[in-house]
Number of protein chains: 4
Amino acid sequence: MVSKPAPDATRRSEKSRRAIYAAALALVGEVGYPKTTVEAIAARAGVGKQTIYRWWSSKADVLLEAFLDLAEQAARAAGHAPDAIPDTGDLAADLKAVLRATVDELVDPRFEVPSRALAAEGVVNEQLGREFVAKLLEPQLQLYVARLRSAQDTGQVRADVDPRIALELFVSPLAQRWLQRTGPISYDYTDTLVDYALYGIAPR
Amino acid sequence: MVSKPAPDATRRSEKSRRAIYAAALALVGEVGYPKTTVEAIAARAGVGKQTIYRWWSSKADVLLEAFLDLAEQAARAAGHAPDAIPDTGDLAADLKAVLRATVDELVDPRFEVPSRALAAEGVVNEQLGREFVAKLLEPQLQLYVARLRSAQDTGQVRADVDPRIALELFVSPLAQRWLQRTGPISYDYTDTLVDYALYGIAPR
Amino acid sequence: MVSKPAPDATRRSEKSRRAIYAAALALVGEVGYPKTTVEAIAARAGVGKQTIYRWWSSKADVLLEAFLDLAEQAARAAGHAPDAIPDTGDLAADLKAVLRATVDELVDPRFEVPSRALAAEGVVNEQLGREFVAKLLEPQLQLYVARLRSAQDTGQVRADVDPRIALELFVSPLAQRWLQRTGPISYDYTDTLVDYALYGIAPR
Amino acid sequence: MVSKPAPDATRRSEKSRRAIYAAALALVGEVGYPKTTVEAIAARAGVGKQTIYRWWSSKADVLLEAFLDLAEQAARAAGHAPDAIPDTGDLAADLKAVLRATVDELVDPRFEVPSRALAAEGVVNEQLGREFVAKLLEPQLQLYVARLRSAQDTGQVRADVDPRIALELFVSPLAQRWLQRTGPISYDYTDTLVDYALYGIAPR
DNA sequence: CGTTAAGCGAGACGGTACGTCCTGTCTTCTA
DNA sequence: TAGAAGACAGGACGTACCGTCTCGCTTAACG
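Residue numbers restart at each chain and count upward from 1, following the sequence in its written direction. To label them, take the chains in the order written and letter them from A, then take the ligands in the order written and number them from 1. Reporting in this predicted model follows two pLDDT cut-offs: at least 70 for local features of residues, and 80 or more for side-chain atom pairs to be given and counted; totals over whole chains, interfaces and linings ignore these cut-offs and use all residues. Working from all heavy atoms in the structure, the side-chain values ignore hydrogens and water.

**Some words on the interface of chain A and chain B**
Interfaces are often sized by the amount of accessible area the parts lose when they come together. The test is simple: Only heavy atoms matter for contacts: two residues are in contact if any of them lie within 4.5 Å across the pair. The quantity reported as buried area is the accessible area (1.4 Å probe) lost by two parts once they are put together, taken as the sum for both. Salt bridges are counted wherever a side-chain nitrogen of Lys or Arg sits within 4 Å of a carboxyl oxygen of Asp or Glu. For this analysis, a polar contact is any N or O atom pair within 3.5 Å, provided that within protein one partner can donate a hydrogen and the other can accept it, and provided that sequence-adjacent residues contribute only side-chain to side-chain pairs. Under the DSSP-based scheme used, a helix requires at least four consecutive residues in state H or I and a strand at least two consecutive residues in state E, with every element numbered from the N terminus. The classification used treats Ala, Val, Leu, Ile, Met, Phe, Trp, Tyr, Cys and Pro as nonpolar, Asp, Glu, Lys and Arg as charged, and all other residues, Gly among them, as polar.
At the junction of the two partners, chain A supplies 49 residues and chain B supplies 49 residues. Here chain A meets chain B over a buried area of about 4600 Å², counting both sides, of which 61% is carbon and sulfur. Summed over the shared surface of chain A and chain B, the number is four salt bridges. Glu126 of chain B is paired through a salt bridge with Arg181 of chain A; the nearest N and O atoms lie 3.7 Å apart. Put simply, chain A and chain B have 28 residue pairs in polar contact (both at pLDDT 80 or more) between them. Mapped onto the side of chain A that touches chain B, the elements with two or more residues apiece are α6 (109-124), α7 (126-153), α8 (163-166), α9 (168-180) and α10 (187-199) of chain A. The greatest single-element share of the side of chain A that touches chain B, amounting to nine residues, is contributed by α9 of chain A. Its residues assigned to classes, the side of chain A that touches chain B shows 27 nonpolar, 10 polar and 12 charged.

See below:
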């Protein structure tokens, strides 16, 4: 089987790449993911369609990279230490603070529309879903893992607890409410999640 | 504003409706949601396209109703008491049992493809998403609320706990792992979730 | 082979028939023949579609009968002696007078649109074309045959001339200019046709 | 007013154009004009529908150009001197010969179906009708004008006769009999027309 | 320093599906 | 039991995009 020769990445047009990212994010924000078409991205970016198909395999792929790029830029802008979880020694307070910041971000429309679009596509498109998780979600979750490990060292979390599972007690409920709109999102809500997760719902 | 005259529902063809449901579910199972087209549903159901557009507004809408119908039939077949949560007095055991059953269901391809498709569409399409939650998800969640209330009566759960939030501690993590493939799903995993949720991750 | 039982014409609704004729003529006049649909005729006439399909075989058929009815009414209104050709003894004058009247009629939009539509359909649809000719065109032409026969009796036309062919010398050019727009139509033009036809174009 | 940008004609696919002409003519011949659909032409030509709509505005338009192309090819095949009218000095004989050839052509089904279809469409669709006349009919008629002018020079036709009108005396009757089926077509018939037209129907 | 081979903007192409419209049949309810 | 109403299977319409494919044009890197 003959595969088409891979394009020469060294000659790739940086200008086009940036224009495509910008056009893709703008269009998804304006008309939504399903109505965003490759043709429209190309037209808006002032780019031939082939230039898109040469470097990406699909609309979802373009958007994923555009979003990764956006996240990276935002991180860089925030001073190179992106979303590290504070470690004041008070686990409950630290988690509540981070979750409140996450609530704010989830509501920011600059991020909401494209990330919702990517999440939706990832639900149905396994390959993209896995990439989305690996490149965006999991790195974030690992920050919680690190913070929980630190808490285990100070005795605030039991040593036999699996941090990768434990973090889902407060992260997943928030994620589901946002993704599936199963309920409202607020500081109170995330604070409550942290309390329940730390101390359980059974009588102490 | 002029709206097209609503069709007369009393004259609707029951046979066509059933054929459309069957065709839609079959196609989504076979080729996936994005490649399922209204045209193909109509052809497979032996129905004119207009008959679909007369009663539904979109492919997603057809599939939602088809899936609701499927769930209802399944419930009826299961003897009119669909997915009630057992109440043996042992909350932890009851929850673990139900979650293990849920794990089995989530892996059953008969349900997996269409519900994944609907969930994905619901993420991006608010109107459909809300209907999906209201008609399918929330009723299920209310069963947990009821079981947790009963546990509060017997003192197995603290009285000041909000059951609607509490249930998310073990339901949402499972949901997210399934939807977004953020991790593997197993009986061990759900058992662990229940333990963590009941007793917290902090030292007791 | 079983044919569907012919409907009972005695119970036919006169009111519906008239309403259908009126609606068909009005629509053809307003939106043209190709955009006139059976559905629109039925809606405009306040009639079920089946009532049209019960009594006519096609849109063309409806329009043909509607037009015949219109012509008949017009004739009746004109005093029962519709379009007889005058016989003053002066053949040239008589023909010129009739052709001038025909010119006026061809330009009257009340007749123009539907008759143009019927003529067009007749070109392509042999069955309808023959009916159109037999019921509308040929009766008119026979009036010319009669007048030319009378002229043969008075010696104004040679006895060896075939009147059915002779009339085409002045009728067909006018018909073609109107139908196919191969040239302008005027009194001068028809007068000239009569002169050429009577005396030929060769030197006398 | 915004108009869609005109397509770039220099990049047009010659192969597709030819295939579309062939498919259109074949289909019209096989199933008749009304049952010929753009979809079927595209399928038969192995072409996307858009390729048809990009270059033509309607089915009628396609067929008109296909027919013009056919006529042109036929003319070229016939040795570049297509349908010139002979000039032997004997006007009557020349006209009879040409009309006999026309009779043969009108009966040839290769030409009959498409030209009948075009003529019909032209009756009802003014824009197309005018183009049909200008590009196909009138050029043919001008050949008669030329021949009649030559006859005026030799004194076989009176100098005061308008040749453009005179030719209709024998051409239009034939056209009408063919188009509207108002009568049979034969060599005898066309011979008679020429005689009547030249010498008139009045006694000499 | 001209050649050459890639990437590029542009957009025509063969296709697929869209959502609308109409056909001619069939069914239900009304007068 | 004819007729008004309109749902139905079917199928064409004209549009929008898909992903592929040429076109010239620009722009490096190489010979």
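Moving on from the model shown.
**Quick notes on the domain arrangement of chain A**
Residues and elements named next belong to chain A. How we decide: As used throughout, domain bounds are those supplied by an automatic or database domain assignment.
Domain boundaries assigned for chain A yield domain 1 (13-66) and domain 2 (83-199). Look at where the C-alpha atoms of domain 1 and domain 2 centre, and you get two points 29 Å apart. Taken residue by residue, the interface counts eight residues in domain 1 and eight residues in domain 2. For the pair domain 1 and domain 2, the summed buried area comes to about 710 Å², and 82% of that belongs to carbon and sulfur atoms. Three residues, Tyr33, Ala60 and Leu64, lead the burial of domain 1 against domain 2; their summed loss comes to 58% of the area buried on that side. The tally of links from domain 1 across to domain 2 stands at zero salt bridges. For the side of domain 1 that touches domain 2, the secondary structure elements donating two or more residues are α1 (14-31) and α4 (59-77). Top contributing element to the side of domain 1 that touches domain 2 by residue count: α4, with four residues. Residue composition of the side of domain 1 that touches domain 2, grouped by class: six nonpolar, one polar and one charged.

**Details of the relation of the copies chain A and chain B**
The criterion, for reference: For this overlay, a least-squares fit was computed on C-alpha atoms, restricted to residues scoring pLDDT of at least 70 in both copies.
Taken as rigid bodies, chain A and chain B are interconverted by a rotation of 179° and an axial shift of 0.0 Å, the fit giving an RMSD of 0.2 Å. Here the transformation between the copies is reduced to the relation of a two-fold axis. Residue Gly200 of chain A of chain A places its C-alpha closer to the rotation axis than any other residue of that unit, at 1.8 Å. Take the interface residues of chain A: 100% of them recur as interface residues in chain B, which is what a same-surface contact looks like.

**Digging into the protein's contact with DNA strand E**
The following threshold applies: In these notes, residues near a molecule or strand are those with any non-hydrogen atom within 4 Å of it.
Taken together, 42 residues lie near DNA strand E, and Asp8 of chain A, Tyr53 of chain B together with Glu39, Lys49 and Gln50 of chain C sit nearest. A breakdown of the atoms of DNA strand E within 4 Å of the protein gives sugar and phosphate a share of 61%. Measuring from a base nitrogen of DNA strand E, one finds a side-chain N or O atom of Gln50 of chain C at 2.3 Å. Elements supplying a minimum of two residues to the surface near DNA strand E: α3 (49-55) of chain A, α2 (38-45) and α3 (49-55) of chain B, α2 (38-45) and α3 (49-55) of chain C together with α3 (49-55) of chain D. A total of five residues in the surface near DNA strand E trace back to one element, the largest contributor, which is α3 of chain D. Residues belonging to the surface near DNA strand E are distributed by class as follows: 10 nonpolar, 15 polar and 17 charged.

**Structural notes on the environment of Gln176 of chain C**
Looking at the secondary structure, you find Gln176 of chain C in helix α9 (residues 168-180). If near-sequence neighbours (up to four positions away) are discounted, Gln176 of chain C is found in contact with Arg181 and Thr182 of chain C together with Leu137, Ser172 and Ala175 of chain D.

**Comments concerning the arrangement of the chains**
Chain A makes no contact with chain C; the smallest distance between any of their C-alpha atoms is 33 Å. As for chain C relative to chain B, no contact occurs, and the smallest C-alpha gap between them is 14 Å.

**Looking at the interface of chain C and chain D**
Each partner contributes residues to the interface: chain C has 49 residues there, and chain D has 49 residues. Counting each side, the surface lost to burial between chain C and chain D is near 4600 Å², with a carbon and sulfur contribution of 61%. On the chain C side of the interface with chain D, the three residues burying the most area are Val123, Arg181 and Ile201 of chain C, jointly 17% of the side's total. Along the contact surface separating chain C from chain D lie four salt bridges. For the pair chain C and chain D, the interface holds 28 residue pairs in polar contact (both at pLDDT 80 or more). In terms of residue count, the dominant contributor to the side of chain C that touches chain D is α9 of chain C (nine residues). A breakdown of the residues in the side of chain C that touches chain D according to their chemical character gives 27 nonpolar, 10 polar and 12 charged.

**Considerations on the relation of the copies chain C and chain D**
Rotating chain C by 179° and translating it 0.1 Å along the rotation axis places it on chain D, where the RMSD comes to 0.2 Å. In this assembly the copies share their binding face: 100% of the residues contributing to the interface of chain C also contribute to that of chain D.

**Remarks on the protein's contact with DNA strand F**
As a structural note, the neighbourhood of DNA strand F is formed by 40 residues, with Lys49 and Gln50 of chain A, Arg11 of chain C together with Lys49 and Tyr53 of chain D the closest of them. Within the side chain of Thr51 of chain C, one N or O atom sits 2.9 Å away from a phosphate oxygen of DNA strand F. Elements with a minimum of two residues in the surface near DNA strand F: α2 (38-45) and α3 of chain A, α3 of chain B, α3 of chain C together with α2 (38-45) and α3 of chain D. Counted by class, the surface near DNA strand F contains nine nonpolar, 14 polar and 17 charged residues.

**Topic: the packing of aromatic side chains**
Put simply, the test is: Two rings from Phe, Tyr or Trp (for Trp, the six-membered ring) form a pair when their centres sit within 6.5 Å of each other. Planes less than 30 degrees apart are called stacked, planes more than 60 degrees apart edge-to-face, and all others tilted. Buried means the residue's accessible area, taken with a 1.4 Å probe over protein chains only, is under 20% of the maximum for its type, while exposed means over 50%, and partly exposed covers the values in between. Any Lys NZ or Arg CZ found within 6 Å of a ring centre and within 35 degrees of that ring's normal is scored as a charge over the ring.
Going through the model one piece at a time under the given rule, you end up with 12 aromatic pairs over all chains. Aromatic side chains Phe67 of chain A and Phe111 of chain A sit 6.2 Å apart centroid to centroid with 80° between the ring planes, which places their arrangement in the edge-to-face category. Separated by 44 residues along the polypeptide, Phe67 of chain A in helix α4 and Phe111 of chain A in helix α6 bring together distant segments of the chain. Of the two residues examined, Phe67 of chain A and Phe111 of chain A, each falls in the buried class. Of note, Lys59 of chain B hangs over the ring of Tyr33 of chain B, and the distance from its end group to the ring centre comes to 4.2 Å. We note Arg116 of chain B situated over the ring of Trp178 of chain B; from NZ or CZ to the ring centre the distance is 4.6 Å.

**Points about the side chain of Asp61 of chain A**
All names here are of chain A. Our working definition: Neither His nor the chain ends is counted toward charge; the positive residues are Lys and Arg and the negative residues Asp and Glu.
If you trace the backbone, Asp61 turns up in helix α4. It is Lys135 that comes nearest to the buried, bridge-free Asp61 among opposite-charge side chains, at 7.2 Å. Among all residues touching Asp61, those that are not within four sequence positions of it are Trp56, Leu128 and Glu131.

**A few points about the packing of helix α5 (residues 91-107) of chain D against helix α10 (residues 187-199) of chain D**
All names here are of chain D. Put simply, the rule is: Axis definition: a line fit to C-alpha positions, over the contact stretch in the case of helices; interaxial angles, taken between N-to-C directions, run 0 to 180 degrees. Each crossing is labelled by how the near helix is turned from the far one, with a counterclockwise turn of less than a right angle marking it left-handed and a clockwise turn marking it right-handed.
Running from N to C, α5 and α10 cross one another at 145°; their axes reach a closest spacing of 9 Å. Between α5 and α10 the crossing geometry is right-handed. Residues Leu91, Ala92, Leu95, Lys96, Leu99, Arg100, Val103 and Asp104 of α5 lie in contact with α10, whose contacting residues are Tyr187, Thr190, Asp191, Val194, Asp195 and Leu198. Residue classes in the contact of α5 with α10 are distributed as eight nonpolar, one polar and five charged.

**Brief notes about the side chain of Glu168 of chain A**
Here Glu168 of chain A shows up in helix α9. When its relative accessible area of 2% is taken as the criterion, Glu168 of chain A is described as buried. Polar contacts involving the side chain of Glu168 of chain A include one to the side chain of Tyr189 of chain B, which spans 2.3 Å. Sequence-distant contacts of Glu168 of chain A, defined by excluding residues within four places in its chain, comprise Pro173 of chain A together with Pro173, Arg177 and Tyr189 of chain B.

**Remarks on helix α1 (residues 14-31) of chain D**
Residues and elements named next belong to chain D. Our working rule: What a helix should span is 1.5 Å times the count of its residues minus one.
Here α1 spans 26 Å end to end across 18 residues, near enough to the 26 Å set by a 1.5 Å rise per residue. Within the span of α1, buried status applies to Ser16, Arg17, Ile20, Tyr21, Ala23, Ala24, Leu25, Leu27 and Val28. Of the surrounding secondary structure, the elements contacted by the buried residues of α1 are α2, α3, α4 (59-77) and α6 (109-124). Just downstream of α1, Gly32 is the residue with a positive phi angle, here 90°.

**Considering the UniProt feature "DNA-binding region" (unreviewed entry) in chain A**
Applicable threshold: UniProt positions are given in the numbering used here, feature names are shortened, and annotations may be inferred rather than shown by experiment.
In the numbering used here, UniProt assigns the "DNA-binding region" (unreviewed entry) feature to residues 37-56 of chain A. A distance of 14 Å separates the end C-alpha atoms of residues 37-56 of chain A, which is 75% helix and 0% strand.

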